[in-house]
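Chain by chain, the residues:
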Amino acid sequence: MRNIQKITIGIVIVTLVILVWYHFRANTKTYTVTPDKFHFANIDDSSKGGLSSSAIEIKDGKAYLTCSVVKESDYPWPYCELEISLSDNLIRGIDFSDYNKISLDIDYTTTHANKRLRVYIRNSHPAYTRVDEPTSLKFNGIEYPPGFGDGAIAIALDTFQVLTWWIADNGISIEHASPDFSNVPIIEIATASGVTEGEFEIVVNSIEFQGVWIEESTMLKGLLYTWLLLIIGFILYEQAKLHRRLKQSHKRAARLFKLNQNLNEKNIEFSELANRDPLTGALNRNAVQDWLKKMAQQVRWGNQNFSALFIDIDHFKNVNDKYGHQVGDDILREFVLVISTHIRSNDFLVRWGGEEFIVFFPETNGQQAMSRAETLRATIAAHHWCHNKPLTCSIGVAQMGEERITEMIARADEALYKAKGRGRNQVVCSQ
Ligand SMILES: Nc1nc2c(ncn2[C@@H]2O[C@H](COP(=O)(O)OP(=O)(O)OP(=O)(O)O)[C@@H](O)[C@H]2O)c(=O)[nH]1
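About the thresholds
- Residues numbered from 1 in each chain as written.
- Predicted model: local features only at pLDDT ≥ 70, side-chain atom pairs only at ≥ 80, totals over all residues.
- Heavy atoms only, no water.
- Pairing = 2+ DSSP bridges.
- Helix = DSSP H or I, 4+ residues; strand = E, 2+ residues; numbered from the N terminus.
- Axes fitted to C-alpha atoms, helices over the stretch in contact; angles between N-to-C directions.
- Contact = heavy atoms within 4.5 Å.
- Near = heavy atom within 4 Å.
- Polar contact = N/O pair within 3.5 Å; in protein donor to acceptor, adjacent residues only side chain to side chain.
- Areas by Shrake-Rupley, 256 points an atom, 1.4 Å probe, with all protein chains shown as cover.
- Nonpolar A, V, L, I, M, F, W, Y, C, P; charged D, E, K, R; others polar.
- UniProt positions renumbered as here; feature names shortened; annotations may be inferred.
- Disulfide = S-S within 2.5 Å.
- Patch = residues over 30% accessible without salt bridge, like charges linked within 9 Å, V, L, I, M, F, W, Y side chains within 5 Å.
- Salt bridge = Lys/Arg side-chain N within 4 Å of Asp/Glu carboxyl O.
- 1 Å grid on protein atoms, 1.4 Å probe; cavity = no way out; pocket = protein on both sides within 12 Å on 5 of 7 lines; lining within 4 Å.
- Points joined across faces, edges and corners; volume = space filled by probe spheres on them.
- Parallel < 35°, antiparallel > 145°, perpendicular 65-115°, else oblique.
- Left-handed = near helix turned anticlockwise from the far one by under 90°.
- pLDDT = per-residue confidence, 0-100.

This paragraph deals with the sheet that holds strand β13 (residues 306-313). Pairing is mixed in the open sheet, where five strands are placed in the order β14-β15-β13-β16-β17. Pairing within the sheet leaves two strands with one partner each, and these edge strands are β14 (348-353) and β17 (427-429). For this sheet, the mean inter-axis angle between neighbouring strands, taken without regard to orientation, is 20°. In the sheet, strand β16 (residues 393-399) pairs with β17 via three bridges, with the strands oriented parallel. Each residue of the ladder has a partner; that of Gly396, found in β17, is Val428. Strands in contact with helix α8 (residues 405-421) are β13, β14, β15 (356-362), β16 and β17; relative to β16, the strand with the most contacts, it is inclined by about 145°.

Here you go:
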């Protein structure tokens, strides 16, 4: 399996796991505020000159606050409340900014018509908190009717509001006028603001802050970016692969091109070799076969004269015997060179076998051929050879008549035979 497929399958599985995990709320985080962990205390207006009274009892992890609110005093806002200290000072509290709800399970009974409770989550900040002044803690507040036996009610923290009198009295800047839960040393649960008198019982069954480890939007963004990265990665990977393949195929094409060139060169070389005698470089029989057929046709149609010279080196065996085969080879090569330089460009010199050569003369009749044969014979006889000894040759001449090429060659051969018989180093023309 390709790597990209493995990565895709991996990310699909991770995506599904995250979605399932999110769906079943495994993402939820909680922070419980209980009397076991924190100090729960009762407060009432008696400390401020009021006549109200209250008592608190902690039992089975629950807090029971009973309270009699009495108005007949100079204190204008009688109340009682449950104060939960999350810290031993007003400066350092708990950071709940990562939570988005507070779940309150409170049973509330009262003789008063107002069945609501005030909940304050007090926040501390150096900008407005004074160490010895509890009212300087920010009032993030809400009022709600908890009911009795209704179970937990989750209240979104963003529904809390900062009390306007606290903002005004403390000269709070706009920057700090909005709810803040980043440093909470105190939570307060108090009777409603309009309460004047009556009997109250507040039972705090549980207080729990709720949040999520990862916000849904963050999670979705994360998944989206991961998929985008994967797609971009995939496109880049495919492009790189395509580029690589293209480069490889260019290289292959260049290699093939070179190979073809070499093959062509070799073909030319081989066909040359096939047409040439490897020792002397003179043409061989094969090289002139087609050309000879054409010439024979031309002669038959009366278009031209065509003659052949059958040339044989005299006593060549003696040369071999006396100077060695190697020198014999050198003389053969030299012989071809001398003849080649004394014939026309449209004449053909062919090594017919051993030390026998044929020169084909197109556009040449028997008389002209005799004359040129004589010149060649004289040139050979006058040449200064590599073994420093004179060398001669005998030549049989034939002009092509109404016959086949082989017949003309046979006649030239016969003439050569006659030349040899007459003492060599001479030219004899076939009649
Ligand atoms: N060095 C060399 N010798 C060759 C080659 N081909 C043929 N010969 C020799 O050519 C000689 C031909 O000898 P013969 O046919 O007896 O004739 P000759 O000695 O030339 O005498 P005449 O033709 O009668 O004048 C032989 O000794 C061959 O070995 C070759 O490629 N290289």
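Here the narrative resumes.
This next bit is on the site of the ligand. Around the ligand lies a shell of 17 residues, among which His315, Phe316, Lys317, Asn320 and Arg351 are the nearest. Between an oxygen atom of the ligand and a main-chain N or O atom of Phe316, the distance comes to 2.8 Å. Lys317 places a polar main-chain atom, nitrogen or oxygen, 2.8 Å from an oxygen atom of the ligand. Compared with its free state, where it exposes 660 Å², the ligand has 68% of that area covered by protein. Elements supplying a minimum of two residues to the shell around the ligand: β13, α5 (316-323) and α6 (325-341). Its residues assigned to classes, the shell around the ligand comprises four nonpolar, five polar and eight charged.

With respect to topology, six strands assemble into an open sheet ordered β2-β5-β11-β7-β8-β10, the strand pairing being antiparallel. Looking at the sheet topology across the chains shown, the edges are occupied by β2 (39-44) and β10 (161-162).

Mapped onto this structure's residue numbering, the UniProt feature "transmembrane region" (unreviewed entry) falls at residues 7-24. Annotated as 94% helix and 0% strand, the span residues 7-24 places its first and last C-alpha atoms 26 Å apart.

Along the chain, the position of Asn318 falls in helix α5. For the pair formed by Asn318 and Gly328, sequence separation is 10 residues and the distance between their alpha carbons is 9.5 Å.

Such a bond, covalent and formed between the sulfur atoms of two cysteines, is termed a disulfide. Per the stated rule, a full pass over the model turns up one disulfide. Through a disulfide, Cys67 is tied to Cys80; the S-S separation comes to 1.7 Å. Given an S-S torsion of about -90°, the disulfide between Cys67 and Cys80 has left-handed geometry. With Cys67 in strand β4 (residues 62-69) and Cys80 in strand β5 (residues 80-85), this residue pair connects regions lying 13 residues apart in the sequence.

Here the focus is a nonpolar patch on the surface. A surface patch of nonpolar side chains, amounting to about 510 Å² of accessible area, comprises Leu224, Tyr225, Leu228, Ile232 and Leu236. Tracing the sequence through the fold places Leu236 in helix α3 (residues 216-275).

Now for the layout of surface pockets. The space that makes up the largest pocket amounts to roughly 760 Å³. In terms of lining, the largest pocket is formed by 23 residues, of which the most central are Lys48, Arg118, Tyr120, Phe139 and Trp165. At the level of secondary structure, the elements contributing two or more residues to the lining of the largest pocket comprise β5, β7 (117-123) and β8 (138-144). At four residues, β8 tops the list of elements feeding residues into the lining of the largest pocket. Per-class residue counts for the lining of the largest pocket are 12 nonpolar, three polar and eight charged.

Put simply, α6 and helix α7 (residues 366-382) touch, their axes get as near as 10 Å, and they point 135° apart. In terms of orientation, α6 and α7 fall into the oblique class. Between α6 and α7 lies a crossing whose hand is right-handed. Within the contact between the two elements, α6 uses Phe335, Val338 and Ile339 and α7 uses Leu376, Thr379 and Ile380. Taken together, the residues of the contact of α6 with α7 break down into five nonpolar, one polar and no charged.

Turning our eyes to something else, we now look at the confidence of the model for the chain. Overall, the predicted model of the chain reaches an average pLDDT of 93, with 99% of residues at or above 70. Both scores are available for the predicted complex, with the pTM at 0.52 and the ipTM at 0.97.

Attention now goes to the packing of α5 against α6. Between α5 and α6, whose axes approach to 6 Å, the crossing angle comes to 135°. On the basis of their axis angle, the class for α5 and α6 is oblique. In contact with Phe316, Val319, Asn320 and Tyr323 of α5, α6 contributes His325, Val327, Gly328, Ile331 and Leu332. The residue makeup of the contact of α5 with α6, split by class, is six nonpolar, three polar and no charged.

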